[in-house]
Amino acid sequence: MKKFSILLAIVMLFSLVLAACGPTETPPAVEEPVVEEPVVEEPVVEEPEEVEEVEEPEPVEEAPPFEGVTVQFWHVYTDAPGEALQALVDEFNDTNPYGITVNALDQGRYSDVEDKVNAGIQSGDLPDVVMAYTNALADWYSVGFIADLVPYIDDPEYGLNVEELADLYPHLKEAGSTPDGAWIAYPMTQSANVLVLNYTWAEELGFAELPATSAELKDLVCAAAAENTEKGGDFAGTGGMVFFPNATNWLHWLYAFGGNELNDARDAYDFTSQEAIDTTMFILDLKNEGCVWQTESYPNPEQAQRKAIITMSSTAGAPYYAAAFADESNADVWGWMAAPGPDGTLAVNAFQQMLGVIPSTQQREMASWLFIKWLTSPEIQARWIPASGYYGTQYTTEAMMTDYAAENPVWASGVELAAIGPSEPQTFPAWSSVRRTLNDFAAELYNATSQAEVEEILARLTETANELVAEVQ
Amino acid sequence: MDNRHKRRKGFSYASRRKIFIYIVLSLGAFISLIPFIWMISTSLMSLGEALGTAFFPSELHFENYAEAWRRAQFSEYFINSILITLITLAGEITFSIFAAYAFARMEFPGRDLIFGVMLSTIMIPAMVLIIPNFLTVTWLGRIGPIPWINNWPALTIPFMGSIFSIFLLKQFFAQVPDELFDAAQIDGAGHLRFLFQVVLPLSKAPLMVILVLSFIGTWNSLAWPMLVTNTPDWRPISVGLMNFVDEAGQLVNLTMAGAFITIIPILVIYFFTQRQFTDSIARSGLKG
């Protein structure tokens, strides 16, 4: 009893001692960028201790326009990519002629960054540059917490010239711009939802060339399904394409069929187009003929076991496929391809790792832009890609990656696809909510039994999407 | 003879029943152990194997543990977690004891109303409180002598006032007979002495419950630490596990190795407190 009392007293005392001994200074890396006013260092004029002669004051060099500005940058990279990014940031800090210092801080996953910015909007603790998905940046822009980059991109001294703008892949400006013309999300790199094809198996099945149209793709996946059905056992019912009916995959095929999510005037959602109907009927046709199937989890092992000739994945999933093929000791050659439409249109569903600038003073915003401009310049991007495995955003970067592409054939198979796009309309009002709804509707579409039912579901989807817009507005 | 035979038959029936109960319980224990076994098994697989459906590794990859430790920066986060947990536990136990004692054994105006209001906050989902709590700690950091964000106060102080702990202790303290307090008063003891020398020694069971539950809650917390830290300086061990997840998937084998490393302290705490916990319950009954 006595011992217990003593133990308890020690615990209480310990709490007090810890509280008293805690650090009393701000941890070195913590800064409050919004509260902090841009600091322009005054030239320090020291008082001479003993002045015997009045010396001519030395001419004071004019401080660079951004001298002393510290830009806080929230990103999502840890481990090796995090270290590579930090090395680039250090290089910028050491070499930029403006006197800007960037403080790069890893904030966890994209969802963590979103949570932190949402909380920071309330408290005022926000960074200057934030890495996020476009839809999150669009949401923050709608409440005034993301700056329009157009004035900085167009700035005659610090902006991008005509050649630099033309070097950017065509779909990226639209992907980062709002319907009202504000450029709110600048792409750092790209990944894309692509088709993963087992080239070796396709060749064995008599398809030496990549399928150029949706009809050719159907022939390929159905031939693979037929081969596995003949094998029987564990292979029965497998072999074709693994297709999960979700927003990402359905939109990917919609783009290949020449469709999109908006009406002709581009002022409302419209999923009732003929392309949307054709897309869904194509998938249902594959399903009814036993040429698509689903796995319980990511289909990497099934593809490595030759239970799927095509799967759909983010290009960021390359390490998982490589591990699965290695584990199966499968030497088949595999790589990325775009979804082909009926007329040969090729499409991927491209996602960008976007950078946005939080509104502050013009000086800070410009300093933030200068850092973004440097970080996304072709030379720096070409050094970042090997560390991250992503794709570039500019033709010039692509040309600088020939050695890396030669060493990484899977990555190389996606270089041209990254330039194709398109991307989802993430800056269109209510896209986050519409996308969530689309996930449910995609599953419903996959279970439809007739074209009439498909049309009815698509009409309901359109109505629901536009209701969500009305709610937001 | 017949009676003995009957007794033997009766005993045999009881044994069969007991065996059946043990089989059911063993089955239940095994089922609840399956996720744990799967975690350890997957932690020893190659990535390719872990992505598949295998339950046991074909080859043991013990190096996963070293890699998980390195890539998750556990050496840094482990110390942070220990400090955060110790500070939180010490504060929570201290404040809960005094608050619970006041509500249970002291008379003051509005006591029941205040307790009722505090108790009603249990109904509010924790996620709803995240932004208000964040704003509060941000403001306190601005007006106080030390920063709260990215520092130990934001990670620990909000959890020192646990209404669940106060409620649990209050219910226990209220059961201590008034006669004991009267006797202590006659011997010259005040509230503090009565609390420390009589009430707390009789309340080891709820204190152990609070200790174990708070330890697990604090050790595993992730969303709040991510929100109130900007650098690794004070991030806990659970943050390290996120290093194995990216937009295209998860390094399942390393995640499981990391998860096993992170739960070792919880297992140790539970192992050491389990006996004391049950002993305390057995010995805490009061005789009139």
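Residues numbered from 1 in each chain as written. Chains lettered and ligands numbered in written order. Predicted model: local features only at pLDDT ≥ 70, side-chain atom pairs only at ≥ 80, totals over all residues. Heavy atoms only, no water.

When you go through chain A residue by residue, the secondary structure sums to 21 helices and 11 strands. Counting every position in chain A, which comprises 473 residues, the buried fraction comes to 53%. Carbon and sulfur atoms provide 52% of the accessible area of chain A, an area that totals close to 21200 Å². (Helix = DSSP H or I, 4+ residues; strand = E, 2+ residues; numbered from the N terminus. Buried < 20%, exposed > 50% of the residue type's maximum accessible area, 1.4 Å probe, protein only. Areas by Shrake-Rupley, 256 points an atom, 1.4 Å probe, with all protein chains shown as cover.)

Now for unusual backbone geometry. Across the junction of Gly-421 of chain A and Pro-422 of chain A, the peptide omega takes the value -5°, indicating a cis bond. Residue position: Pro-422 of chain A is located in the loop between helix 19 (415–420) and helix 20 (431–446). The residue Gln-73 of chain B is not glycine, and still its phi comes out positive at about 55°. Within the secondary structure, Gln-73 of chain B sits in the loop between helix 3 (63–71) and helix 4 (74–105). In this model, Asn-150 of chain B sits at a positive phi of 60°, which is unusual for a non-glycine residue. As for its placement among the helices and strands, Asn-150 of chain B is situated in the loop between helix 6 (126–143) and helix 7 (152–156).

With that settled, the discussion passes to the state of the cysteines. All names here are of chain A. The final tally for this structure, using the stated rule, is one disulfide over all chains. Paired by a disulfide, Cys-222 and Cys-291 hold their sulfur atoms 2.0 Å apart. In this structure the cystine formed by Cys-222 and Cys-291 twists about its S-S bond by roughly 110°; its chirality is therefore right-handed. Taken together, the positions of Cys-222 in helix 9 (residues 214–231) and Cys-291 in the loop between helix 11 (274–288) and strand 6 (292–293) put the pair 69 residues apart, joining distant regions of the chain. Residue Cys-222 is classed as buried on the basis of its relative accessible area of 18%. (Disulfide = S-S within 2.5 Å.)

All right, on to the pairing of strand 3 (residues 129–132) of chain A then. Residue and element names in this part refer to chain A. Both faces of strand 3 are covered, namely the face carrying Val-129 and Met-131 and the face carrying Val-130 and Ala-132. Alignment of strand 1 (residues 70–75) against strand 3, held across two bridges, turns out to be parallel. Its bridge partner being in strand 3, Phe-73 is matched across the sheet by Val-129. Across four bridges, strand 3 lies against strand 11 (residues 349–357) in antiparallel orientation. (Pairing = 2+ DSSP bridges.)

One pass over the full model with this rule turns up 41 aromatic pairs over all chains. On the numbers, 4.9 Å between centres and 80° between planes, the contact of Tyr-169 of chain A with Tyr-395 of chain A is edge-to-face. Residue Tyr-169 of chain A is found in the loop between helix 6 (162–167) and helix 7 (170–175), and its partner Tyr-395 of chain A is found in helix 16 (residues 395–400); the two are separated by 226 residues along the sequence. Classification of Tyr-169 of chain A by relative accessible area gives buried; the value is 3%. Ring geometry for Phe-103 of chain B and Phe-108 of chain B: centres 6.2 Å apart, planes at 45°, overall tilted. Among the residues examined, Phe-108 of chain B registers a relative accessible area of 30% and is labelled partly exposed. By way of ring pairs, the aromatic residues Trp-250, Tyr-269, Phe-271, Phe-428 and Trp-431 of chain A are connected into one cluster. One cation-aromatic arrangement involves Lys-116 of chain A over Trp-74 of chain A; the distance from NZ or CZ to the ring centre is 5.5 Å. Sitting over the face of the ring of Phe-115 of chain B, Lys-170 of chain B holds its NZ or CZ atom 4.6 Å from the ring centroid. (Phe/Tyr/Trp six-rings, centres within 6.5 Å; stacked < 30°, edge-to-face > 60°. Lys NZ or Arg CZ within 6 Å of the ring centre and 35° of its normal.)

Right, let's talk about the pattern of salt bridges for a bit. Any two side chains of opposite charge can pair, on the condition that their charged atoms come close. Across all of its chains, the model carries 17 salt bridges over all chains by this definition. Residue Arg-71 of chain B pairs with Glu-67 of chain B through a salt bridge whose shortest N-O separation is 3.0 Å. You can see Arg-71 of chain B and its partner Glu-67 of chain B sitting in helix 3, four residues apart, about one turn around the helix. The shortest N-O distance in the salt bridge between Arg-111 of chain B and Asp-112 of chain B comes to 3.4 Å. Given a relative accessible area of 16%, Arg-111 of chain B falls into the buried group. One network of salt bridges, with partners in common, ties together Asp-79 of chain A together with Glu-67 and Arg-71 of chain B. (Salt bridge = Lys/Arg side-chain N within 4 Å of Asp/Glu carboxyl O.)

Residue and element names in this part refer to chain A. Judged by nonpolar contacts, the single largest core of 117 residues is most densely connected at Phe-73, Val-130, Tyr-186 and Leu-375. Once residues lying within four places of it in the same chain are set aside, the contact partners of Tyr-186 are Leu-149, Ile-153, Leu-160, Leu-168, Gln-353, Met-354, Leu-355, Trp-369, Ile-372 and Thr-376. With 53 residues, the next largest nonpolar core counts Ala-247, Leu-262, Phe-441 and Ala-442 among its residues. (Core = buried A, V, L, I, M, F, W, Y, C linked by side-chain atoms within 4.5 Å. Contact = heavy atoms within 4.5 Å.)

In the predicted model, chain A carries a mean pLDDT of 88, and the fraction of residues at 70 or more is 86%. In this model, residues 1–52 of chain A is a region of pLDDT below 50 whose contacts with residues beyond four sequence positions or in other chains number 66 contacts. (pLDDT = per-residue confidence, 0-100.)

Residues and elements named next belong to chain B. Locating Ala-102 in the fold gives a position in helix 4. Linking Ala-102 and Phe-173, residues 71 residues apart in sequence, is a C-alpha distance of 9.6 Å. Excluding residues that lie within four positions of it along the chain, Ala-102 makes contacts with Phe-108 and Arg-111.

The next subject is helix 11 of chain A. Residue and element names in this part refer to chain A. With 15 residues, helix 11 ought to run about 21 Å at 1.5 Å a step, and its terminal C-alpha atoms sit 21 Å apart, in line with that. Residues of helix 11 that are buried: Ala-276, Ile-277, Thr-279, Thr-280, Phe-282, Ile-283, Leu-284 and Leu-286. Its buried side turned inward, helix 11 meets helix 9, strand 5 (239–242), helix 10 (247–256), strand 6, helix 20 and helix 21 (451–472). (Expected span 1.5 Å × (residues − 1).)

Another point: the environment of Gln-303 of chain A. Residue and element names in this part refer to chain A. By the element assignment, Gln-303 lies in helix 12 (residues 300–304). Using a relative accessible area of 0% as the deciding quantity, one classes Gln-303 as buried. Separated by 31 residues in the primary sequence, Gln-303 and Trp-334 have C-alpha atoms spaced 9.6 Å apart. Of note is the side chain of Gln-303, whose polar atom sits 2.5 Å from the side chain of Thr-311. (Polar contact = N/O pair within 3.5 Å; in protein donor to acceptor, adjacent residues only side chain to side chain.)

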